[in-house]
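# Structural overview for review
Residues per chain, in single letters:
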Amino acid sequence: MTALAKVIAPVMSHETELRLLQIELVKLQKEIIQKGQRLLVILEGRDTAGKDGTIKRITEHLSPRDTRVVALNKPSPREEGEWYFQRYVAELPSAGEFCIFNRSWYNRAGVEKVMGFCTTAQYQQFMNTVNDFEALLIGSGIRLIKYYLDISKDEQLARLADRANDPLKQWKISPIDQQAQKYWKAYSTARDLMLKKTNSSMAPWTVIHANDKKLAHLNLIRDLLSRMSYPQKNKKILQVESAIVSRWPALSSKLPQLAP
C-alpha cells in the first residue's frame, strides 16, 4: 500500500474492529479448551463503569458451555461465617474454562470498606493475605488477569441518570449505586490503596479508562488477547491505546490523577 493510500484508507468501524477481536477470542477459547487451560479474568470498577457491557462483548460469541460469568450476590449468613475467600474458590475455573468475575473478592477492598460492611480487622486481614491467595491460584495453574474500569465523576453521574430513566437498565439500580456520588472520594481513596497494595508481579492490575464505552471494550479485549498465547494470533489488531490502558508499574506514578 502506498503512503497516499494509507492516508485515504477508510477508518475501520467500531463494529468491524469488535468483530475481528471477537474472532480472536474464539481462537483463544479453542486453545483454552484443547489445552485444558484455566483462565480467570477479574473485572472491578466503580458503579456504572461498564463491567456488564464489557463482559457482553467478550462472551457474545464464545461457547456457553466453556465460558462462565460469576456475579455473586451479598454473602448469606452461612457464608458470612466462612473463610472470606471460600465462596469464590467454589467458582474458580476448571480445565478448559474461561471464567469472568463481575466483581470479586476485591469487594472487601472497595464497597465493603467504604460502606462499613466489614470491620477494620477484616479489611486488614484481607489486604495482608490476598496477594498470597492469588499466588496460590497462579501456582496451581490458573491464569489470572485483573482489570479495573475507571470513569470520571461526571460520567458516573450521567450514567446513573440514564440508568434511572431507562426501563431496560433499572434492574441494575441498587441502594449502593445511589450512594456512589456521595462517597466518591472515599471510593477513590480505597481504589488507590487497593491498586497499590494488591498489585503483584504475578497478578498486576491494569486500569482501563472507560469514559468512552466503545474504546474501553476494544482496548480491554486487545489487552487481554495480547497477553495470551494461541495459534494464528492476528497481532496487527491488538495494539492498545496508551490513553485508555494503564499498566503497572507505569500506573503507580498516575494514581493521584485517576478520576479523583
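For the structure, check the block above.
Described below are features of the structure shown in this document. Chains are numbered independently. Their residues run from 1 in the order of the written sequence. pLDDT decides what is reported in this predicted model: residues at 70 or higher carry local features, side-chain atom pairs at 80 or more are listed and counted, and totals for whole chains, interfaces and linings draw on all residues regardless. With hydrogens and water excluded, all non-hydrogen atoms of the structure serve as input to the side-chain values.

### What to know about the nonpolar core
What is meant by a nonpolar core is a set of buried Ala, Val, Leu, Ile, Met, Phe, Trp, Tyr and Cys residues, joined one to another through side-chain atoms within 4.5 Å. With a 1.4 Å probe rolled over the protein chains alone, any residue whose accessible area is under 20% of its type maximum counts as buried; one over 50% counts as exposed, and the rest are partly exposed. With 32 residues, the main nonpolar core has Val-41, Phe-98 and Tyr-147 as its most contacted residues. Numbering of helices and strands starts at the N terminus; helices are DSSP runs of H or I of at least 4 residues and strands are runs of E of at least 2. At the level of secondary structure, the elements contributing two or more residues to this core comprise α2 (14-35), β1 (38-45), α3 (51-59), β3 (97-102), β4 (142-150) and α11 (213-226). We call two residues in contact whenever any of their non-hydrogen atoms come within 4.5 Å of each other. Those residues in contact with Tyr-147 that lie beyond four places of it in its chain are Val-41, Ile-42, Leu-43, Glu-44, Trp-205, Thr-206, Ile-208, Leu-220, Asp-223, Leu-224 and Arg-227. Counting 27 residues, the second-largest nonpolar core is a separate cluster that includes Leu-40, Ile-42, Tyr-84 and Cys-118.

### Overview of the pattern of salt bridges
Each salt bridge in this description consists of a side-chain nitrogen of Lys or Arg and a carboxyl oxygen of Asp or Glu lying within 4 Å of one another. Counted by the stated rule, this structure contains 18 salt bridges. Salt-bridge contacts for Arg-87 lead to Glu-79; the nearest nitrogen and oxygen are separated by 3.6 Å. The exposure class of Arg-87 is buried, given its relative accessible area of 12%. Residue Glu-79 is classed as partly exposed on the basis of its relative accessible area of 27%. Between Asp-150 and Arg-191 there is a salt bridge, with the nearest N and O atoms lying 3.2 Å from each other. Pair noted here: Asp-150 is in strand β4 and Arg-191 is in helix α10 (residues 184-197), with a separation of 41 residues, a long-range link. Neither residue differs from the other here; Asp-150 and Arg-191 are each classed as buried.

### Focus on the packing of α3 against α11
Helix packing for two helices is described by the angle between their axes and how far apart those axes are. To obtain each axis, a line is fitted to C-alpha atoms, and for helices this fit is confined to the stretch in contact; angles are then taken between N-to-C directions over 0 to 180 degrees. Packing of α3 against α11 leaves a shortest axis separation of 10 Å and a crossing angle of 55°. Regarding the angle of α3 to α11, the classification is oblique. Handedness of the α3/α11 crossing: right-handed. Along its contact with α3, which presents Gly-53, Thr-54, Arg-57 and Ile-58, the element α11 presents His-217, Leu-220 and Ile-221. When describing relative orientation, an angle under 35 degrees is termed roughly parallel and one over 145 degrees roughly antiparallel, while 65 to 115 degrees is termed roughly perpendicular and anything else oblique. Each crossing gets its handedness from the near helix: less than a right angle anticlockwise from the far helix is left-handed, clockwise is right-handed.

### So, the packing of aromatic side chains
Stacked, tilted and edge-to-face pairs are distinguished by plane angle, under 30 degrees for stacked and over 60 for edge-to-face with tilted covering the rest, among Phe, Tyr and Trp rings (Trp via its six-membered ring) whose centres lie within 6.5 Å. Inspection of every chain in the model, using the stated rule, returns 14 aromatic pairs. Where Phe-85 meets Trp-105, the ring centres are 6.3 Å apart and the plane angle is 70°; that geometry is what we call edge-to-face. Separated by 20 residues along the polypeptide, Phe-85 in the loop between α4 (77-80) and α5 (86-89) and Trp-105 in the loop between β3 and α6 (111-115) bring together distant segments of the chain. Given a relative accessible area of 3%, Phe-85 falls into the buried group. Judged by its relative accessible area of 0%, Trp-105 falls in the buried class. Over a ring means this: the NZ of a Lys or the CZ of an Arg is within 6 Å of the ring centre and within 35 degrees of the ring normal. Above the face of the Trp-184 ring, Arg-46 is positioned so that its terminal group lies 3.5 Å from the ring centre. Above the ring of Tyr-123, the side-chain terminus of Lys-113 is found at 4.3 Å from the ring centroid.

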